[in-house]
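Tertiary structure, described
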Amino acid sequence: MQEEEIQQSRWRRSHRDPNLPRTSRRNRKKTKSSRDCHLERKQMRVRDLGLGYDSDEIVLFKYCVGICHDSRKNYDLALKALMDNGSISGKKVSSHPCCRPTRYETVSFMDTQTTWQTIKWLSAANCSCVG
């Protein structure tokens, strides 16, 4: 009889504090660190973008920064192991996903000749781990 009570006690749930909110594992959000892939913004002179436009106008340039270690797949892990043990030359091989734009924005500005210019796909609109 004593062994049966021990087995039943293993299956009992631990006491839950009724004052704490109930959240399922599925609904819990991961906390993102500042190192995770994300969008950053910087005001830049159009001339400084290096695309050959002569303009002193300031545009909001958005770009992707961060790391993607949490997005690694079995492919990435196997490729890294093969590179580490010398089975594959790692000259131009990337063994991890990259933080890249998944959508872009068009930017318009006026050049020094007072002509409106439009550059498509200049600024990142959304970032994600790709690859």
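About the thresholds
- Residues numbered from 1 in each chain as written.
- Predicted model: local features only at pLDDT ≥ 70, side-chain atom pairs only at ≥ 80, totals over all residues.
- Heavy atoms only, no water.
- Helix = DSSP H or I, 4+ residues; strand = E, 2+ residues; numbered from the N terminus.
- Buried < 20%, exposed > 50% of the residue type's maximum accessible area, 1.4 Å probe, protein only.
- Contact = heavy atoms within 4.5 Å.
- Areas by Shrake-Rupley, 256 points an atom, 1.4 Å probe, with all protein chains shown as cover.
- Salt bridge = Lys/Arg side-chain N within 4 Å of Asp/Glu carboxyl O.
- Disulfide = S-S within 2.5 Å.
- Pairing = 2+ DSSP bridges.

This next bit is on the overall build of the protein chain. Secondary structure assignment for the protein chain yields 2 helices and 4 strands. Moving toward the C terminus, one meets the helices and strands of the protein chain in the order α-β-β-α-β-β. The buried share of the protein chain, taken over its 131 residues, is 18%. Here the analysis covers contacts within the protein chain between residues at least 6 apart in sequence; of these, 53% occur between residues at least 24 apart. Here the protein chain has roughly 11100 Å² of accessible surface; of this, 49% comes from carbon and sulfur atoms.

In this section: the pattern of salt bridges. Applying the stated criterion across every chain yields a total of 6 salt bridges. One salt bridge in this structure joins arginine 47 and aspartate 56, with 2.1 Å as the shortest N-O distance. Arginine 47 gets classed as partly exposed once you look at its relative accessible area, which sits at 31%. For aspartate 56, a relative accessible area of 46% gives the class partly exposed.

Think of a disulfide as a covalent bridge from one cysteine sulfur atom to another cysteine sulfur atom. If you walk through the whole model with that rule in mind, you get 3 disulfides. Bridging cysteine 64 to cysteine 127, the disulfide has an S-S length of 2.0 Å. As the torsion about the S-S bond is roughly -85 degrees, the cysteine 64-cysteine 127 disulfide counts as left-handed. Taken as a pair, cysteine 64 in strand S2 (residues 58-65) and cysteine 127 in strand S4 (residues 116-130) lie far apart in primary sequence, 63 residues in all. As far as burial versus exposure is concerned, cysteine 64 and cysteine 127 are alike and both buried. Each sulfur of the disulfide joining cysteine 68 and cysteine 129 lies 2.2 Å from the other. Around the S-S axis, the bridge from cysteine 68 to cysteine 129 shows a dihedral of about -90 degrees and counts as left-handed.

Moving on: unusual backbone geometry. Despite not being glycine, threonine 114 shows a phi value in the positive range, around 55 degrees. When you line up the elements, threonine 114 lands in the loop between strand S3 (98-110) and S4. The residue tryptophan 121 is not glycine, and still its phi comes out positive at about 55 degrees. In this fold, tryptophan 121 is placed in strand S4. Overall, the relative accessible area of 63% leaves tryptophan 121 in the exposed class.

With that out of the way, let us pick up the pairing of S4. Judged from the 11 bridges that link them, S3 and S4 form a sheet pairing that is antiparallel. Bridge pairing in S4 links tyrosine 104 to alanine 124. If you look at the hairpin formed by S3 and S4, you'll find 5 residues sitting between the two strands, and threonine 114 has a positive phi there, around 55 degrees.

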